[in-house]
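# An overview of the molecular structure
One letter stands for each residue in the lines below.
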Amino acid sequence: MSELLVIEGAAIATVDRVGTEHRCGHLMVRDGRIAAVGPGPAPTMEGARRVDGSGCLLTPGLVNTHHHLYQWATRGYAQQATLFEWLTELYPVWARITEPQVAAAAAAGLGWLARSGCTTTTDHHYLFPQGAGDLLGSTVHAAGRIGLRFHPCRGSMDLGRSGGGLPPDEVVEPIDAILDATRYAVERFHDPAPGAMVRVAVAPCSPFSVSAELLTESAALARSLKLRLHTHLAETLDEESYCRERHGCSPVEYLDKLGWLGRDVWLAHAVHLAPAEIARLGATGTGVAHCPSSNARLGAGTAPSRALLDVGAPVGLGVDGAASQEAGRLVEEMRQAMYAARQRGAVGALARRPGEVAGPTALTARQALAMATIGGARCVGRADEIGSLEPGKLADLALWRLDGLGHAGIADPVAALVFGAASPLELLTVGGAVVVERDELRTADEGTLARDLAHACREIAA
Ligand SMILES: [Zn+2]
């Protein structure tokens, strides 16, 4: 039986190739995919559920390109720390984490992401203490429970302190175990079929926690299995110094030497980039998960997002792990991205590259919305299925209410959403299935998620 859903009377920002928008339009969903989108009222559809979208803006569901769900249980630590100080304080805490704690953190984090307009999320899980249980499986299970499209990135660390890395030896794994576990995760969870709810990526953690050998082997494994590659890169100046001392080159040059740039790769952060490196990311089609709030929280710097867009690199948005971004609201990253791009011009020539567009024209509300939707879809390799509202694409939709106290009277609905306060979410669907309605999670009880999370947090802190 075909499931029919009609949303009408809403402003619509399709984020298609030419930026088609409708002041008042309709969108029809059949069998989990968009059947039609256009101006004016919808034609009559027998048996369809009709949603009155008046006072609302309909956009594609947002795509979160970088996250660490387990960190939802370790928020509020190391509040004045740089990345390396923050990691050094948190590694020993994370080393004790268990499967039930990760399950509670993931379910709560995913529920909160859904409440902020996210329909597809990645999760970079790189922490597998011995005997901790099925940590990756617990995140996949949580995503099924909340109903989000999920791209678990099987992370890894093999370079402990004794080998010259930053993490303590107790949280790293041997290379063979990592590669076996990654293959096993693919067998268990990866679905290459169109419309997939779960796709696995291969994701060594960062240049200061993994060996060159692991990076090389991970790329070979991913390419043999047609999986995408993800890692942290060029997040801080400390990382740049580490790479220059250890490898004699910058983080981007290091990855390039190892064959790690390309259309099947997206990198978290990419804050500290020389002009030639920005061009190289564009030329290779390497994606960037821009995480402006996390970068601000850790005082890491401001990514050159506009310059990356100008060279054609896919740029998506990420909330990043909640231990370095406690708010974790994806919709708010659009405004933060816009502000960060504009601020690069205000902090002087040192932060800005020659010829770089900065100041108030550096990023528009519509460019920020495109980053959060189609840009993210490009990063995770699914621009043909999600990220814009077009017939045939998956019905991953966010309907934002803009007629309340926070937004009423702003004539441009996209400006209201991006410049304005975080908007209430009237409806969120994934493949046409309702996940959030009237700003409430419909797939799980929020009170239960919060209680389970608080319990996990108390155990971890004890
Ligand atoms: Zn991260």
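Look up a bit, the structure's there.
Report on the accompanying structure. (Residues numbered from 1 in each chain as written. Predicted model: local features only at pLDDT ≥ 70, side-chain atom pairs only at ≥ 80, totals over all residues. Heavy atoms only, no water.)

## Comments concerning the packing of aromatic side chains
Applying the stated criterion across every chain, the model contains six aromatic pairs. When the ring of tyrosine 70 is compared with that of tryptophan 94, the centres are 5.2 Å apart and the planes differ by 85°; the resulting orientation is edge-to-face. With tyrosine 70 in the loop between strand E6 (62-64) and helix H1 (83-94) and tryptophan 94 in helix H1, this residue pair connects regions lying 24 residues apart in the sequence. In this structure tryptophan 94 comes out as buried when scored by relative accessible area, which is 0%. On the numbers, 6.5 Å between centres and 80° between planes, the contact of phenylalanine 208 with tyrosine 242 is edge-to-face. Here tyrosine 242 lies in helix H6 (residues 237-247) and phenylalanine 208 lies in the loop between strand E9 (201-204) and helix H5 (212-224), a separation of 34 residues in the sequence. A relative accessible area of 14% means that tyrosine 242 is categorised as buried. Among the aromatic residues, ring-to-ring pairing joins Tyr70, Trp86, Tyr91, Trp94 and Tyr126 into one connected group. We note arginine 154 situated over the ring of phenylalanine 128; from NZ or CZ to the ring centre the distance is 3.7 Å. (Phe/Tyr/Trp six-rings, centres within 6.5 Å; stacked < 30°, edge-to-face > 60°. Helix = DSSP H or I, 4+ residues; strand = E, 2+ residues; numbered from the N terminus. Buried < 20%, exposed > 50% of the residue type's maximum accessible area, 1.4 Å probe, protein only. Lys NZ or Arg CZ within 6 Å of the ring centre and 35° of its normal.)

## Quick word on the packing of helix H3 (residues 135-146) against helix H4 (residues 175-189)
With their axes 11 Å apart at the nearest point, H3 and H4 run at an angle of 25° to one another. By the angle class used here, H3 and H4 are roughly parallel. Of the two elements, H3 crosses H4, and the hand of that crossing is right-handed. Residues Leu136, Gly137 and Val140 of H3 lie in contact with H4, whose contacting residues are Ala185, Arg188 and Phe189. (Axes fitted to C-alpha atoms, helices over the stretch in contact; angles between N-to-C directions. Parallel < 35°, antiparallel > 145°, perpendicular 65-115°, else oblique. Left-handed = near helix turned anticlockwise from the far one by under 90°. Contact = heavy atoms within 4.5 Å.)

## Structural notes on the environment of glycine 287
Its location among the elements puts glycine 287 in strand E12 (residues 287-290). When its relative accessible area of 3% is taken as the criterion, glycine 287 is described as buried. Separated by 27 residues in sequence, glycine 287 and proline 314 have C-alpha atoms that sit 4.5 Å apart. Filtering out sequence-adjacent residues up to four positions away, glycine 287 remains in contact with Val265, Trp266, Leu267, Pro314 and Cys379.

## What about the packing of H4 against H5?
Think of two packed helices as two axes; the pair is described by the angle between the axes and how far apart they sit. For the pair H4 and H5, interaxial distance at closest approach is 11 Å and the crossing angle is 25°. Of the possible angle classes, the one that applies to H4 and H5 is roughly parallel. Two packed elements cross with a definite hand, and for H4 against H5 that hand is right-handed. In this structure, H4 uses Ile175, Ile178, Leu179, Thr182 and Arg183 to contact H5, whose residues at the interface are Glu213, Leu214, Glu217, Ser218 and Leu221. For the contact of H4 with H5, the residue count by class is five nonpolar, two polar and three charged. (Nonpolar A, V, L, I, M, F, W, Y, C, P; charged D, E, K, R; others polar.)

## Observations regarding the coordination of the zinc ion
Taken together, the protein ligands of the zinc ion are His66 (NE2), His68 (NE2), His232 (NE2) and Asp320 (OD), with distances of 2.1 to 2.6 Å. In this structure, the zinc ion is surrounded by four donor atoms whose angles at the metal cover 88 to 174°, and the resulting shape is irregular. Spacing between the donor residues of the zinc ion along their common chain follows H-x1-H-x163-H-x87-D. Here histidine 66, found in the loop between E6 and H1, pairs with aspartate 320, found in the loop between strand E13 (315-317) and helix H11 (330-343); they are 254 residues apart in sequence, far enough to count as distant. You can call histidine 66 buried: its relative accessible area is 0%. A relative accessible area of 4% places aspartate 320 in the buried class. (Donors = N, O, S within 2.8 Å, 3.2 Å for Na, K, Ca; no water. Tetrahedral: all angles 85-135°; square planar, octahedral: opposite > 155°, others 65-115°.)

## Digging into the pattern of salt bridges
Scanning the model with the defined rule gives 24 salt bridges in all. Here arginine 49 and glutamate 437 are joined by a salt bridge, their closest N and O atoms 2.5 Å apart. Taken together, the positions of arginine 49 in strand E4 (residues 49-52) and glutamate 437 in strand E16 (residues 433-437) put the pair 388 residues apart, joining distant regions of the chain. Taking the relative accessible area as the measure of exposure, glutamate 437 reaches 13% and is therefore buried. Residue arginine 149 pairs with aspartate 396 through a salt bridge whose shortest N-O separation is 2.8 Å. One end of the pair, arginine 149, is in strand E8 (residues 149-156); the other, aspartate 396, is in the loop between helix H12 (365-379) and strand E14 (397-401), with 247 residues separating them in the sequence. Taken as a pair, arginine 149 and aspartate 396 share a single burial class, namely buried. Because the salt bridges share partners, they merge into one network encompassing Arg33, Arg199, Arg382 and Glu385. (Salt bridge = Lys/Arg side-chain N within 4 Å of Asp/Glu carboxyl O.)

## Side note on the pairing of E8
Extensive coverage of E8 is indicated by the burial of eight of its eight residues. The two faces of E8 match: Arg149, His151, Cys153 and Gly155 on one face and Phe150, Pro152, Arg154 and Ser156 on the other face are all buried. By the bridge criterion, six bridges tie strand E7 (residues 118-125) to E8 in an arrangement that is parallel. Bridged to threonine 121 within E8 is phenylalanine 150. Each parallel crossover has a hand, and for E7 linked through H3 to E8 it is right-handed. Two elements, E8 and E9, share four bridges in a ladder whose sense is parallel. Looking at the pairing, cysteine 153 lines up with alanine 201 of E9. Following the chain from E8 across H4 to the adjacent parallel E9, one finds a crossover that is right-handed. (Pairing = 2+ DSSP bridges. Right-handed = clockwise from strand over helix to strand, strands pointing away.)

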